[in-house]
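Listed below, chain by chain, are the residues.
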Amino acid sequence: MKHWKSQREHYEKEESDSLESQSRETGIPPAPSGEFENIMAEMERRGIEPRIRGELKSLKNSAR
């Protein structure tokens, strides 16, 4: 039983190392050009105010 457990731990460690190295090699593709601007335009068209703008407004108003 002990031998089986050590083989399994060895296999799991090799598998983990393999997955980790693959994840480091995989690059993240860049977003399509103009994607951010398209999202912001759609939010504006729908009348959605980004949260950060609301937080900045409240901070600006509370500082007075």
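Residues numbered from 1 in each chain as written. Predicted model: local features only at pLDDT ≥ 70, side-chain atom pairs only at ≥ 80, totals over all residues. Heavy atoms only, no water.

1. Quick look at the overall build of the chain
Now for step 1: In terms of helices and strands, the chain carries 3 helices and 0 strands.
Now for step 2: Sequence-ordered secondary structure for the chain, helices as α and strands as β, is α-α-α.
Now for step 3: Taking 2.2 N^0.38 as the reference for a compact globule, 64 residues should give roughly 11 Å; the C-alpha atoms of the chain span a radius of gyration of 25 Å, well beyond that estimate.
Now for step 4: Each principal axis of the C-alpha distribution contributes one length, and for the chain these read about 70 × 35 × 20 Å.
Now for step 5: The proportion of buried residues among the 64 residues of the chain is 2%.
Now for step 6: Surface exposure of the chain reaches about 6,500 Å², of which carbon and sulfur atoms provide 55%.
Now for step 7: For the chain, the separation between the mean place of its 12 positive charges and that of its 13 negative charges on side chains is 9 Å. (Helix = DSSP H or I, 4+ residues; strand = E, 2+ residues; numbered from the N terminus. Rg over C-alpha atoms; globule rule 2.2 N^0.38 Å. Buried < 20%, exposed > 50% of the residue type's maximum accessible area, 1.4 Å probe, protein only. Areas by Shrake-Rupley, 256 points an atom, 1.4 Å probe, with all protein chains shown as cover. Lys, Arg positive; Asp, Glu negative; His and termini not counted. Charge placed at Lys NZ, Arg CZ, Asp CG, Glu CD.)

2. Looking at the environment of Phe36
Now for step 1: Inspection of the secondary structure puts Phe36 in helix H2 (residues 35-46).
Now for step 2: Residues Phe36 and Gln22, spaced 14 residues apart in sequence, show a C-alpha to C-alpha distance of 29 Å.

3. Considering the pattern of salt bridges
Now for step 1: Tallied over the full model, the rule gives 4 salt bridges.
Now for step 2: For Asp17, the salt bridge identified is with Lys13, shortest N-O distance 3.2 Å. Of this pair, Asp17 and Lys13 are both found in helix H1 (residues 2-25), 4 residues apart, which corresponds to roughly one turn of the helix.
Now for step 3: When salt bridges that share partners are traced, they join Glu42, Arg45 and Arg46 into one network. (Salt bridge = Lys/Arg side-chain N within 4 Å of Asp/Glu carboxyl O.)

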